[in-house]
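# Summary of structural features
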Amino acid sequence: MTISNEQLGCHKSSPFSMRRVRALDLLAAYRNGDRHFRDINLSESNLFAADLRDIDLTASDLTSAYLPYANLSKACLYRVCLFQVELGDATLYQTNLTAADLRGVNLTRANLRGANLRGANLRGANLQGADLFNADLTESDLRDADFSRTNLELARFVGADVRGSNFFRSRDLDLTGARGDSTTVQPDGYRSNFP
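The sections below set out a description of the structure shown in this document. Starting afresh in each chain, residues are numbered from 1 along the sequence in its written order. Per-residue local features are limited, in this predicted model, to residues with pLDDT of at least 70; the limit for side-chain atom pairs, both in listing and counting, is 80 or more; totals at the level of whole chains, interfaces and linings are taken over all residues. Excluded from the side-chain calculations are hydrogens and water; all other atoms, namely the structure's heavy atoms, are used.

### Digging into helix 2 (residues 23-31)
Short version of the rule: For every residue, the accessible area obtained with a 1.4 Å probe (protein chains only) is divided by the maximum for its type, and the residue is called buried under 20%, exposed over 50%, and partly exposed between those limits. Helix and strand assignments come from DSSP, with helices taken as H or I runs of at least 4 residues and strands as E runs of at least 2, each series counted from the N terminus. The directions considered for the arc are those from the helix axis to the C-beta atoms.
Those residues of helix 2 that sit buried are Ala23, Leu26 and Tyr30. Buried residues of helix 2, viewed axially, fall in a sector of 60 degrees; they line one side. The exposed residues of helix 2 that point more than 90 degrees off its buried face are Leu24 and Arg31.

### Comments concerning the pattern of salt bridges
Pairs can form between side chains of opposite charge once their charged atoms are near each other. Spelled out, the test is: Here, a salt bridge means any side-chain nitrogen of Lys or Arg that lies within 4 Å of a carboxyl oxygen of Asp or Glu.
Under the definition given, this model contains 11 salt bridges. Taken together, the shared-partner salt bridges in this structure form one network comprising Asp141, Arg143, Asp161 and Arg163.

### Examining the environment of Thr95
To keep things clear, this is the line we draw: Two residues form a contact once any of their heavy atoms are found within 4.5 Å. Side-chain atoms alone can form a polar contact between residues adjacent in sequence; in general such a contact is a pair of N or O atoms within 3.5 Å, and within protein one must be able to donate a hydrogen while the other accepts it.
Here Thr95 lies in the segment after strand 2 (40-41). Measuring from C-alpha to C-alpha, the distance between Thr95 and Tyr69 comes to 15 Å, with 26 residues separating the pair along the chain. Every residue in contact with Thr95, bar those within four places of it in the chain, is listed here: Leu72, Ser73, Lys74, Ala75, Leu77, Ala115 and Asn116. A distance of 2.6 Å separates the side chain of Thr95 from the backbone oxygen of Leu72, its partner in a polar contact.

### A short note on the environment of Asp136
Positionally, Asp136 belongs in the segment after strand 2. Those residues within four positions of Asp136 in sequence are excluded, and the remaining contacts are Ala115, Asn116, Leu117, Arg118 and Arg156. Only 3.1 Å separates the side chain of Asp136 from the side chain of Arg118, close enough to count as a polar contact.

### Section: the packing of aromatic side chains
As a reminder, the rule being used: Think of it this way: a Phe, Tyr or Trp ring, Trp meaning its six-membered ring, pairs with another when their centres are within 6.5 Å, and the plane angle makes it stacked under 30 degrees, edge-to-face over 60, tilted otherwise. Our definition puts a charge over a ring when NZ of Lys or CZ of Arg is within 6 Å of the ring centre and also within 35 degrees of the ring normal.
All told, the structure shown has 5 aromatic pairs when counted by the stated rule. When the ring of Phe147 is compared with that of Phe157, the centres are 6.3 Å apart and the planes differ by 80 degrees; the resulting orientation is edge-to-face. Of this pair, Phe147 sits in the segment after strand 2 while Phe157 sits in the segment after strand 2, and the two are 10 residues apart along the sequence. Accessibility expressed as a relative area gives 1% for Phe147, which makes it buried. Seen in terms of ring centroids, Phe157 and Phe167 are 5.9 Å apart; in terms of plane orientation they differ by 85 degrees. Their pairing is edge-to-face. Highlighted residues: Phe157 in the segment after strand 2 and Phe167 in the segment after strand 2, separated in sequence by 10 residues. Look at Phe157 and you get buried, because its relative accessible area is 1%. The rings of Phe48, Tyr66 and Tyr69 are connected pair by pair, giving a single aromatic cluster. In this structure, Arg35 packs its charged tip against the face of Tyr30, placed 3.6 Å from the ring centre.

Structure below.
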């Protein structure tokens, strides 16, 4: 039986072909000054409250990893698989999440101020109470994502797909240029058609 990349969680190479790195080894190398960990497998790792500022995890697999309260400020998470990752209360200030797979991720109350989420897949993500001030969500897949009670001041949604997204009680929402429909819940709780 063949397992597809979709079933594995990511649309890139199989995590089985990546070099597996234990969380303890990563943290030790990071403490010794190493910041470059590209194309590694950290799936299901426990990195609770880890301080990983400025880390480069480009094209790595973190499927189902546990990272609540982690600090990933200014990290490079370009094309990283964060499928169903726990990132509640994490700090991702000015983090590069371009083209990242964030389907089903938990980002409740996360700090995503200034984060680059261009082309990211956040389908079904939970961002309740998150801070997305000045975040770039251009061309992102945000279908069925929960943005209730989020700060969206200066956040950009041009070309983003927001069908089925919930923006109930979010602040400063501007969906100019976004693609939505009658399933998109507005900040006032009403659903409205896009032009």
